[in-house]
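# An overview of the molecular structure
What follows is each chain in one-letter form.
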Amino acid sequence: MAHEIEHTANHPTFKQYVVIAIILFAITIVEFVLIWERAYIVDYLGASKVPLLIALSAVKFAIVIMYYMHLKFDPRFFGTVFIAGLVLAFLVGIALIGLFVGFEGNQRTYAKANAIPYVHHGAEESAEGEHGASSETKHETPAVVGPVALVVSAVGETLTFDTNSVSAKSGSEVTITFDNPSANNQHNLVVVQAGTKDAVATDGTTAGPTNDWVSPGDERVIANTALINPGGSGDVTFTAPSPGTYQFVCTFPGHNFTMFGDFIVD
Amino acid sequence: MAAITGVIPRPTSYAGLWGWITTVDHKRIGVLYGLTAFIFLIFAGIEAGVIRLQLASAESDLIGPGRYNEMFTMHATTMVFMVIMPLSVSFFNIVIPLAIGARDVAFPRLNALSYWIFLFGGVLMHMSFVVDQVPDAGWFSYANLTEKPFSVDRGLDYWAISLLVMGTSSVAGALNFIVTIINLRAPGMTMMRMPVFVWMTLITSLLLVLAFPVITVGLIELTMDRNFGTHFFIPAEGGDPILWQHLFWVFGHPEVYILILPAMGMVTEILPTFSRKPLFGYPFIVFSGIVIGIMGWAVWSHHMFTVGLGPVANSVFTITTMLIAVPTGVKIFNWIGTLWKGSIEFTTAMMFALAFIALFIVGGLSGVSHAVSPSDFQQQDTYYIVAHIHYVLFGGSIVAIFAGTYYWFPKITGKMLDETLGKLNFWLIFIGMNLTFFPMHFVGLNGMPRRIYTYSSEFGWEHMNQLASIGYIVMALGFLVFMYNLWQTRNSRRVSHDPWDAPGVEWTISSPPPPYNFAEIPQILGRDHYWIVKENAEAAGTPITGPEAQVDPSSIHMPSPSYWPLFTAIGVALIGGGLLSHYALSFVGGIIAMVGTVAWANEPPSAPSDHH
Amino acid sequence: MAHAVEHEYTTTGLNHRKMLMWVFLGSDCLFFGSLIATYMVYRGQSLVGPYPIDIIDVPLTTISTFVLLMSSFAMVQALSATHADDKKGIVNWLLATAFLGAIFIGFQVYEFNAFKNEGLTLGGNLFGATFFTLTGFHGAHVTLGIIWLVAMAILGAKGRLGPKTALDVELVGLYWHFVDIVWIVIFTLLYLIGGFDVGPAAPPGGH
């Protein structure tokens, strides 16, 4: 009959524990220095500080487990069950992070598109805030025909325009006023060559929100409003091109599938 | 806290109701788990009945959609957490110490605590019926349907808090069984001589302690979203409902192995006994159980194939899911190898065990078809999945639990369940089960979605649904026969300590066992210990005719009963209940739990005037 | 507990309760792992500030990290004192551990308050939700540990701790060190690395 194993006197001594404590403190100080702006190391390290910090912490982690928790001197069974849990937690954590960051592609752009910069209390920095309703005008040749005012609106949260067709005479000065009465969604209105709405939207996604989700210098784009925040409105004025069917679309990522219409120039 | 333990001495008597309330005896705790789980089974069965009644005809308006949602949510939640799991734990409690030659589990009071917390957690869940705010978002409660704007009443809070409470019970119990199995095996019982049921219990317990914390975090985050203003799963604020799904299924997939491994273990004990030959391929069965336990962590997103994780994730999980079918297949072949050329005795337990193999294969085959993510795109959220679930959980777990009940009933009670009634029980269950769930494969592939309270007659699903509902009636009859069988054992005659001529250590002692189980801790001779003992005795000319001799119970020190597990459990339950009513109650519950813990830690092993 | 229990039979020769504690700690890894995974998944996903770089105070938290590390040292000394049957040492080191733990909690309370005043709340943004939940549950674990340590110190003062009951001190020590190593992970991920997150406009990881 196996009785409890007497606790073996296989301990580090007081001095050794002090040394271990000092090592732990030292590593923490090194970690702090690595990220401290005044030490300037952080400027040289860049992104490589991340694996370094993780490695240093892993060392601290292991030291506490091995020595303070006595695992180095204890029967292997204890370490096995604990390490099994630890490894599993680590793997599951990595898998979850990978599933969110690695494979979802565009679906993680919501925050990027909608985040509002933070302003400290009492700070006087001119916060970028939300984009005002900016008008972008592209005056080209003076209007041959009288000006045309069109109004298009987004419909609630449905990711659609309230009309699927607008028209104007070729050569006229067209002003499209775009209203965004939705509560949660930013939109824009981009007039493009026929059949190019999806391609323009795809390129616009790469261009990012600072470019109002339109690739700068995209030749397929005839005119576009700025990115309009919920509740806002904006307009764009341009000259109606040669007769034909064009399209207008919202190029906010993902909206181009349902939020588009025809722009008929006759 | 000596003051408390001085004023309220530790109880010593096993007698009467108070004896049951303060029990720390694994055999009694097992019976308590079994009876409580059976009551919940009746509730969940009634919920299933309502579902089948509603679906029996097209465009039925027996119950409305809201009530229907409550029915399928509570049916599944109850069956998973309050029926199958505690029934498994009931068997762990009754069988494991006996099977390893121990006198009790490693932590008897913790064992009792687990039971009481389970009971209170289950009651808390069903309080939702009393206040008519019943959870109705499915047993998996996908966000963000479960968020406050869409699930306004407190049903989901009942669901989350009750599961949190019951989770502590499961983890405490699992910790107990891990230490028991590793550390209380009789001399001579090496790991590779342990009965397979003991192995499966060990693996299940490891899965429990590792998986429950993940859903605990999910439930905490859901509760915080609903009650404390966070936005973990609210898309408009940047949260991601998919995170809930991941957290749930990282728990949920090991959970289904938690539900099936004990069942497989039970069947693995029963087949050799009634084939009159040792288990075929013991190491393979053990190792495939271990492999299932490990690989079960790598497959969870097969529940999320249609969520839009992308082709890479779907492919990875398709491959891992297809791979996990392999160890199960290994077990099946080894079971067949056990039966091969055996001299089969068709007792009720054996018939249920054989049915388990057949029905689990059917469930496993549909499971493999789900593993292929493109085909799962058609199957997901249809009755094809419902068919799979019920073949593996009813045809698998429940049928195996029936088998285990018929097998071990004589050990715990000293009486046998009637074999004729048992056969009737078996056929009603077997026929009813297939009648109900086999048609679901067809209506499912035909497009019938899950969780719809009714369907148009134009779809042509009505006949299959009628069949399924008739099958329910057949199954219900089977359960009634079982209950009558239990009832009539009051008057049946006693049986011997070893009615089946079985190989396990538990059969060496009397039925029911004495409180201390083994007068002398046995020296284990091999895998089929009792067969070896009986053979040796025959060969020596002194065949075994009776159980191991009993001794005066007071000569063996057993842990005394204790109030503190119940007391502490009340504290834990109040913490949960308080979160659902008045926070002050939670505070009181916390104090009670702490007082209980301290008193528990300080009470003496037994009262000075110890007597049994 | 805290009685000289006669040596009970065990198959492996290992103590039941020590085994229980190690398996429980393995299980707790999954708990904190899931909370940490939630934080990591939601990095850079908050829609409004304050973002980490606006309020995380790494120097202050480095000090509290030191304090917690020191408390682990004190814990180890408490166990040594128990083996050496040094009654005064046992009580003093246990109380020192609890005291240092309480200082750590004090830092946490101060930090939570400061953040709240700066506008970081549970419901304000995802950073608030994940930060407070993760560090809050860690703090709750520390608090339970402090209560346990004080209870043990009371037992020690009554003379009930010594070489025969060293396991009881060892068990609270294992729990306490575990809580410390979880903090090491949290400190690295939430402060040293994540503390410089600027919000969704810039990529997380901080260049």
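Residues numbered from 1 in each chain as written. Chains lettered and ligands numbered in written order. Predicted model: local features only at pLDDT ≥ 70, side-chain atom pairs only at ≥ 80, totals over all residues.

### Some details on the overall build of chain A
In terms of regular secondary structure, chain A is built from six helices and nine strands. Looking at chain A as a whole, 34% of its 266 residues qualify as buried. Excluding contacts between residues fewer than 6 apart, the proportion of contacts in chain A whose partners are at least 24 apart in sequence is 70%. (Helix = DSSP H or I, 4+ residues; strand = E, 2+ residues; numbered from the N terminus. Buried ≥ 20, exposed ≤ 12 C-beta atoms within 10 Å, placed from the backbone. Contact = placed C-beta atoms within 7 Å.)

### Focus: the interface of chain A and chain C
With 52 residues of chain A at the interface, the matching set in chain C holds 54 residues. Secondary structure elements with two or more residues in the side of chain A that touches chain C: α1 (14–35), α3 (49–68), α4 (76–101) and α5 (110–114) of chain A. The element contributing the most residues to the side of chain A that touches chain C is α4 of chain A, with 15 residues. Classifying every residue of the side of chain A that touches chain C by side-chain character gives 38 nonpolar, 10 polar and four charged. (Nonpolar A, V, L, I, M, F, W, Y, C, P; charged D, E, K, R; others polar.)

### Some details on the sheet that holds strand β9 (residues 260–265) of chain A
Strand pairing in a sheet is mediated by backbone hydrogen bonds. Such pairs are either parallel or antiparallel. Residues and elements named next belong to chain A. Reading across from one edge, β3-β9-β8-β5-β6 is the order of the five strands in this open sheet, with mixed pairing throughout. Looking along the sheet, the strands with just one partner apiece sit at the ends: β3 (165–168) and β6 (221–224). Averaged over all pairs of adjacent strands, the angle between their axes in this sheet comes to 25°, without regard to strand direction. Most of the contacts of helix α6 (residues 197–207) go to strand β8 (residues 244–249), to which it runs at about 35°, and overall it touches β5 (190–192), β6, β8 and β9. (Pairing = 2+ DSSP bridges. Axes fitted to C-alpha atoms, helices over the stretch in contact; angles between N-to-C directions.)

### Concerning the packing of helix α1 (residues 16–41) of chain C against helix α6 (residues 166–193) of chain C
All names here are of chain C. Between α1 and α6, the shortest axis-to-axis distance is 11 Å and the interhelical angle comes to 15°. With respect to α6, the element α1 is oriented roughly parallel. Crossing hand, α1 versus α6: right-handed. Listed contacts from α6 to R17, K18, M21, L25, D28, F32, I36 and Y39 of α1 are L167, E170, L171, L174, Y175, F178, V182, V185, L189 and L190. (Parallel < 35°, antiparallel > 145°, perpendicular 65-115°, else oblique. Left-handed = near helix turned anticlockwise from the far one by under 90°.)

### Thoughts on the confidence of the model for chain C
When pLDDT is low, close inspection of the predicted coordinates is not appropriate. All names here are of chain C. Mean pLDDT over chain C stands at 91; residues scoring 70 or higher make up 93%. The secondary structure element of chain C with the lowest average pLDDT is helix α2 (residues 52–55), at 91, and the one with the highest is helix α5 (residues 126–157), at 97. Note that pLDDT drops below 50 for residues 1–6; the model gives that stretch nine contacts with residues more than four away or on any other chain. Every residue in residues 202–207 is under pLDDT 50, and counting partners more than four places away or in other chains gives nine contacts. Across the whole predicted complex the pTM is 0.85, and at the interface the ipTM reaches 0.94. (pLDDT = per-residue confidence, 0-100.)

### Brief notes about the domain arrangement of chain A
One can read the domain layout of chain A as domain 1 (14–111) and domain 2 (136–265). Computed from C-alpha coordinates alone, the two centres of domain 1 of chain A and domain 2 of chain A are separated by 50 Å. (Domains from an automatic or database assignment.)

### Re the pairing of strand β7 (residues 233–239) of chain A
All names here are of chain A. Among the seven residues in β7, five count as buried, and that is most of the element. The pairing of strand β4 (residues 172–179) with β7 spans seven bridges and is classified as antiparallel. Its bridge partner being in β7, V174 is matched across the sheet by F238.

### Observations concerning the interface of chain B and chain A
With 11 residues of chain B in contact, the opposing surface of chain A contributes 11 residues. Of all the secondary structure elements, the ones that give two or more residues to the side of chain B that touches chain A are α8 (241–275) and α10 (311–339) of chain B. For the side of chain B that touches chain A, the per-class residue count stands at eight nonpolar, three polar and no charged.

### Section: the environment of F40 of chain B
All names here are of chain B. With respect to the element layout, F40 can be found in helix α3 (residues 26–55). The exposure class assigned to F40 is buried, which follows from the 23 C-beta atoms found within 10 Å. Separated by 35 residues in the primary sequence, F40 and H75 have C-alpha atoms spaced 9.7 Å apart. What F40 contacts, discounting residues up to four positions off in sequence, is T78, M82, V83 and G122.

### Focus: the packing of helix α13 (residues 383–413) of chain B against helix α14 (residues 419–445) of chain B
Residue and element names in this part refer to chain B. Contact pair α13 / α14: the axes reach a minimum separation of 7 Å and the direction vectors enclose 165°. Classified by the interaxial angle, the pair formed by α13 and α14 is roughly antiparallel. Like other packed secondary-structure pairs, α13 and α14 cross with a definite hand, here left-handed. Between α13 and α14, the residues in contact are Y383, Y384, I385, V386, A387, H390, Y391, F394, G395, F402 and Y406 and G422, I429, M433, F437, M440, H441, V443, G444 and L445, respectively. Of the residues contributing to the contact of α13 with α14, the split by class is 15 nonpolar, five polar and no charged.

### Examining the nonpolar core
Counting residues in hydrophobic clusters, the biggest one holds 286 residues, and the most contacted among them are F352, F356 and A403 of chain B. Dropping the residues within four chain positions of it, A403 of chain B is found in contact with M266, V267, I270, A349, F352, A353 and F356 of chain B. (Core = buried A, V, L, I, M, F, W, Y, C linked by C-beta atoms within 7 Å.)

### So, unusual backbone geometry
All names here are of chain B. Backbone torsion omega between A143 and N144 reads -5°, so that peptide bond is classified as cis. Mapped onto the secondary structure, N144 falls in the loop between α5 (108–130) and α6 (155–183). We note that E59 has phi near 50°; this positive angle belongs to a residue other than glycine. With respect to the secondary-structure elements, E59 resides in the loop between α3 and α4 (65–100). Non-glycine residue R276 carries a positive phi angle of around 55°. Residue placement: R276 occurs in the loop between α8 and α9 (282–295).

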